[in-house]
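A closer look at the structure
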Amino acid sequence: MGIDNSHDTVGCSPYNRESWDKVTGNTQYIDDLRFKGMLHAALLLSPHAHARIKSIDVSDALALDGVHAVIHCFTTPNILYNSAIRFYSDIDPSEMPCTERVFDQEVKFVGDRVAAVAAESEETARTAVKLIHVEYELLPSVYSLDEAVADAAVQATPFGISKTNLCGGWVAYGNQDEASVLQTIKQSPLQSVSTFRTSRVHHGYLEPVAHVAHYTPSKKLTLWTSSQSVFSFRDVLAQLVGLPQNAVRIIKTVSGGAFGGKLEVMHEPVVALLSMQTMRPVKIRLNRKEVFSSTRTRHEAIITLSSGYASNGRLIAQHVYSLLNTGAYAGSGPNTVGAQSGKTFVQYDAEAMYYRGACFYTNTPIAGAMRGYGCPQLMVAREVHMDGIARKLGIDPVQFRLQNLLLPDAKNCMGKPTHQALGRVCLEEGAKQFCWEERRKQAIAKSSGTTRYGIGVGTAVHGSGWYSVYQDMTSVTMMMNNDGSLQILTGIHDLGTGAKTVLAQIAAQTLHIPLDTIEVIEVDTAVSPLDLGAQASRSTYVGGNCVLECAQQIKEQLLEEASLMVGIDEQQFALGDGDVIEMVSGKRISFASIIDSAQKGLHGKQRQIAAVHSYASHTSVYSYSAVFAEVAIDVESGAIKVMEILCVHNSGTIINPAQCEGQVHGGVQMGLGYALSEEMEIDLETGRIKNPSFKGYHMFRSHQMPKISVTFIQGAEPSGPYGAKGIGECATDGVAGAVVNAVAHALGGVSIDHIPVHATYVKELLTQNYRVQ
Amino acid sequence: MLLGVVLSLYHFFLYIQDDFDYTVCCKGMYMEYRETVSFVLNGIERKLETKRAWTLLYVLREVYQLTGTKYGCGTGDCGACRVLIDNVAVNACSVPIHKVDGKTVLTIEGVAGDPQLSIIQQAFVEAHAIQCGFCTPGMVISAAGLLLHISEPTEKEIREALKDNLCRCTGYVHIIEAVKLASNKMKEVEDGH
Ligand code: FES
Ligand code: FES
């Protein structure tokens, strides 16, 4: 019928639309923005883990040439807030306790804000910071999670519930009450209990945290920040500086990496207040040490799993008991527990399941959102636990999992539909591609001399959007330009993963127009429609659905006008290559002429071809993965080398395979570090971070990376845009489990109880193993 | 025990090293001095009066507004600030400006103007090697440093050449493919295809 499908872009891999500016050094990240009269800010960070500020003398700092302002707890608003809110009304004390102030008289960790200086240069500001004299009254402190949860523990902050360190409250639920689930475990033919510890890690984004604020005499505040959620930042900022939300404009700058680390308000209020005081643009850019100490981290966790099962390997009941370290402030702590709890029920099937978890305050850096949001902790603990059971039963780990993973189009123990739960397919396909059985055997056979080989597997699951744990929605505005090209205004935040490219692909596919006639304009509270931020792997699923439906509305408007123009029923038209085509005659009417007709009101109501659309997600769908790993261990040094990783993912239809694969690769790098090398080491005497630099904090480098293969199991998810589900977090969730299980396999089936698995730990495990033998 | 002492000394060193910073190379060296530094920057001869032991990174970004070279750590550990000095890739945050006197400096902005080296940029785009892009300028420079010396590197050589450049987004996979692609493309150009 002459319909042109040359603009089918879903499933193709057009280049990331920002590539050329980035690769030529033209992209302006926040640190590259230059403003006339811009001042530079620096922070005085607490050297103490817990102290009350008795007095602050800023006279020497202010006397320094080039210093314009110094602010601290005695000069700034005393308003409590939570830096992690999503909706304006997120103030439920059990979910979003307000525990933070811009400057607090009580500092609660080494790296907490004490004061800030604005000066003519960064160097002057940093020099002035050293001239601020603070008198502290030291308070008792608690650093480790074990100590924080113990009875009669030192209180890290005044916000712990009933004089403990409990933050928010317990999240506790299951398909039966807790006592019954525990009872079922007890009555099962076999039981296993294991406790696993995961470390505090950092996002390690390459772009340091930076913000610029500019307050002008017209009483308007503009703030540029590499944020993941500008609308909630606006809500927090407006409240803190006492302006209505229309007078506060937050502009997201191109993200130099975020991974959840830029989802929560950080030092934005500081530059805002400094700018209001000086009436000059004020910028802050943290140095790397400050990024480690004074931003956000992943929650350290201690997770105990108890399972009851039959000797044939069928899981009967499971209980998860999870303790998270939220650091000095609540932030997203209770939410992370909530998100983690949900994953308990959507991976494996059992008669009875129960989750109990909570987070606790300590006098350590603030934990917050990080890729996976509570899930990587649970996945690694659980996958190691499951391997332990398989080992005990003498069942192959893949077979054991196949017996217990959820089935698609079924119901989980909570009675919720499992939709396209293709975790089992991922596992089967991966086992085939990895030659699992053979290599499992070979690994032992080829271990010789000082080298031991091991093969391991780990599965994972992750949602696409907040629903059903929380409400989820986003909005999109589309406007046709006069030449038939399209502007899309979206609140979806592209963090470098190519969200804008994917949204453009979805719009191009729906409207049959070339990709390069679509402009996606990113987030600015003054321009963009509302969005809840780049989190929960929601950009493609929630944002994509919104773009798809909005584009359909544009399509309807175009067809309606075309129908008025030629007097033919709308049903008789199709779209193709930027034209509306009469299906019978093949006659084409260009978008441009339809738009012109609409704007002049030549045939119907005079109007612009444009649409605003809100999409609320009411389906909770999950993405699945199975990760396979091979490691080689040198038993003399304890050094572990990861030889190969295979990731098999089910994320529905893959809109842009190359970009999606790239995200999985990045997720592997992060997961490998989580399993083997990354850890923010806290000195248990002082509360200081011992390794606040890329020299001391070991992220995997190019020469340490294994060979990585990625396969997608592409079952279209009916509720997803062109069948797509999320990928961002699932990309990292399952990696650590696979690697740790491979290490355990190489070492003859030892029980590993924490990550990262450093060389020293390997040597300990070796002695354990030899003792067993 | 001894190991513990050494480790804590090491950690103490790590802790104080923020005194290496963006503006000047050695914060401890507070002396003011005047020096004229002459060098060729992206093909243009420059003469700069420096008052302090400025870092090359500071000079590039704040004096010449060449912001394509990034500040990622300021401690020589991430490679986001890489530039070519006399065709060798180095971290600009760790080079005091007087060290480039008489030398040739090429930044990412200069790569775009070089017909041979800009092939690397094309390859990075085509290989989907760019996500957030913050590491990208440094990666391209490291790739250039490698390919200027070894035109057909092995994968191992590529991985080694990129090991001082951190990337948190890509797992390096597409970046390594981009360097291979660039090497092939450069060879094709040379062979006159
Ligand atoms: S900024 Fe120079 S190596 Fe990181
Ligand atoms: S692309 Fe983001 S750090 Fe490399």
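Examining the sheet that holds strand β12 (residues 282–285) of chain A
All names here are of chain A. Spatially, 7 strands are ordered β3-β5-β1-β12-β9-β10-β11 in an open sheet, and the strand pairing comes out mixed. Strand pairing shows two members of the sheet lacking a second neighbour, β3 (67–72) and β11 (248–252), which therefore form its edges. Averaged over all pairs of adjacent strands, the angle between strand axes in this sheet comes to 20°, irrespective of strand direction. Together, β1 (39–45), β3, β5 (113–119) and β12 form the strand contacts of helix α3 (residues 122–129), whose direction differs from that of β1 by roughly 30°. Packing against the sheet, helix α6 (residues 230–241) makes contact with β10 (220–225) and β11, and its axis sits at approximately 145° to β11.

A look at the domain arrangement of chain A
Residue and element names in this part refer to chain A. Once the domains are mapped, chain A shows domain 1 (19–25 + 468–616), domain 2 (33–139 + 205–258 + 262–293) and domain 3 (375–464 + 621–769). Domain 1 and domain 3 are separated by 39 Å when their C-alpha centres are compared. If you look at the interface, domain 1 gives 18 residues, while domain 3 gives 19 residues. Between domain 1 and domain 3 lies a buried interface of about 1400 Å² when both sides are counted; carbon and sulfur atoms form 55% of it. Per-residue buried area on domain 1 facing domain 3 is highest for Thr497, Ser537 and Tyr541; these three make up 43% of the total on that side. If you look at where domain 1 meets domain 3, you find 0 salt bridges. Our count for the contact surface shared by domain 1 and domain 3 stands at 9 residue pairs in polar contact (both at pLDDT 80 or more). For the side of domain 1 that touches domain 3, the class distribution of residues is 7 nonpolar, 10 polar and 1 charged.

Topic: the pattern of salt bridges
With the rule as written, the count across this model stands at 49 salt bridges over all chains. Taking the shortest distance from any N to any O, the salt bridge between Arg401(A) and Glu383(A) comes out at 2.6 Å. Pair noted here: Arg401(A) is in helix α11 (residues 397–404) and Glu383(A) is in helix α10 (residues 375–393), with a separation of 18 residues, a long-range link. Residue class for Arg401(A) comes out buried when judged on its relative accessible area of 0%. Note that Glu155(B) is salt-bridged to Lys180(B), the shortest N-O span being 2.8 Å. Of this pair, Glu155(B) sits in helix α6 (residues 155–161) while Lys180(B) is found in helix α7 (residues 173–190), placing the two residues 25 residues apart along the sequence.

The rules behind these values
Residues numbered from 1 in each chain as written. Chains lettered and ligands numbered in written order. Predicted model: local features only at pLDDT ≥ 70, side-chain atom pairs only at ≥ 80, totals over all residues. Heavy atoms only, no water. Pairing = 2+ DSSP bridges. Helix = DSSP H or I, 4+ residues; strand = E, 2+ residues; numbered from the N terminus. Axes fitted to C-alpha atoms, helices over the stretch in contact; angles between N-to-C directions. Contact = heavy atoms within 4.5 Å. Domains from an automatic or database assignment. Buried area = accessible area lost by both parts, 1.4 Å probe. Salt bridge = Lys/Arg side-chain N within 4 Å of Asp/Glu carboxyl O. Polar contact = N/O pair within 3.5 Å; in protein donor to acceptor, adjacent residues only side chain to side chain. Nonpolar A, V, L, I, M, F, W, Y, C, P; charged D, E, K, R; others polar. Buried < 20%, exposed > 50% of the residue type's maximum accessible area, 1.4 Å probe, protein only.

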